[in-house]
Amino acid sequence: MQIQINQQGDSKVAVVTSSDIIINDVQDALDLMASLKYEDCYKILLHKSNITESFFDLSTRLAGEILQKYTNYHVKLAIVGNFDMYGSKSLKDFIYESNHGKQVFFLPDESTALQALHSVN
């Protein structure tokens, strides 16, 4: 896993890249968040390929549990990837609602994700 900090003014985004799945469960998500908080970084950009597929099956409740933890600790998250492959209406609605908020974003590319993360406090 590699972490690069993208900074614009006072806003810092941790851009996480890896060829492996980084988040398999809630504890992995908390460990990542804790590691980045030591860098004084409260915004994370993560690729879809670094998250277990069960995250995108809302019936597992994994997404809800992880995103609730991130919300509680005021950590913003952008997940980058193509989400068109998922047929679930509830997931599509979840992604739509998330993208209209200020906490979690599901976006197609890094530049759009960085723009979204840097624009929120």
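Note that the structure is a prediction, hence the values are computed from the model and not measured.

Re the overall build of the protein
Right, so step 1: Secondary structure assignment for the protein yields four helices and five strands.
Right, so step 2: Counting from the amino terminus, helix and strand elements in the protein follow one another as β-β-α-β-α-β-α-β-α.
Right, so step 3: In terms of overall size, the protein behaves like a compact globule, its C-alpha atoms giving a radius of gyration of 13 Å where 121 residues would be expected to give roughly 14 Å.
Right, so step 4: Principal-axis analysis of the C-alpha atoms gives the protein an extent of 40 × 30 × 25 Å.
Right, so step 5: Here the protein, with 121 residues, has 43% of them falling under the buried criterion.
Right, so step 6: Carbon and sulfur atoms make up 47% of the accessible area of the protein, which amounts to about 6800 Å² in all.

Some points on the packing of aromatic side chains
Each aromatic ring pair is summarised here by two numbers: the centre-to-centre distance and the angle between the ring planes.
Right, so step 1: Across all of its chains, the model carries five aromatic pairs by this definition.
Right, so step 2: Taking the centre distance of 5.2 Å and the plane angle of 15° together, the rings of Phe 56 and Tyr 86 count as stacked. Taken together, the positions of Phe 56 in the loop between strand S3 (43–47) and helix H2 (62–72) and Tyr 86 in the loop between strand S4 (76–80) and helix H3 (89–99) put the pair 30 residues apart, joining distant regions of the chain. Pair check on accessibility: Phe 56 and Tyr 86 agree, each one buried.
Right, so step 3: Their ring planes at 65° and their centres at 5.9 Å tell us that Phe 94 and Phe 106 sit as a pair that is edge-to-face. Taken together, the residues span a long stretch of sequence, with Phe 94 in helix H3 and Phe 106 in strand S5 (residues 104–107) at a distance of 12 residues.
Right, so step 4: By relative accessible area, Phe 106 is classed as buried at 3%.

Considering the nonpolar core
Right, so step 1: Counting 29 residues, the largest nonpolar core has Leu 32, Ile 44, Leu 46, Phe 55, Phe 56, Ile 66 and Tyr 70 as the members making the most contacts within it.
Right, so step 2: Counting only elements with at least two residues in this core, the list comes to strand S2 (11–17), helix H1 (26–37), S3, H2, S4, H3 and S5.

Details of the sheet that holds strand S1 (residues 2–8)
Right, so step 1: Across the sheet, which stays open at both edges, the five strands sit in the order S1-S2-S3-S4-S5 with mixed pairing between neighbours. The sheet is open, and its two edges are formed by S1 and S5, each paired on a single side. In this sheet, neighbouring strand axes are inclined to one another by 20° on average, regardless of whether the strands run parallel or antiparallel.
Right, so step 2: Note that S2 and S3 share three bridges and pair parallel. Along S3, the bridge assignment pairs Val 15 with Leu 45.
Right, so step 3: Sheet strands touched by H1: S1, S2 and S3. Its angle to S3, the strand with the most contacts, is close to 135°.

Rules used in this analysis
- Residues numbered from 1 in each chain as written.
- Predicted model: local features only at pLDDT ≥ 70, side-chain atom pairs only at ≥ 80, totals over all residues.
- Heavy atoms only, no water.
- Helix = DSSP H or I, 4+ residues; strand = E, 2+ residues; numbered from the N terminus.
- Rg over C-alpha atoms; globule rule 2.2 N^0.38 Å.
- Buried < 20%, exposed > 50% of the residue type's maximum accessible area, 1.4 Å probe, protein only.
- Areas by Shrake-Rupley, 256 points an atom, 1.4 Å probe, with all protein chains shown as cover.
- Phe/Tyr/Trp six-rings, centres within 6.5 Å; stacked < 30°, edge-to-face > 60°.
- Core = buried A, V, L, I, M, F, W, Y, C linked by side-chain atoms within 4.5 Å.
- Pairing = 2+ DSSP bridges.
- Axes fitted to C-alpha atoms, helices over the stretch in contact; angles between N-to-C directions.
- Contact = heavy atoms within 4.5 Å.

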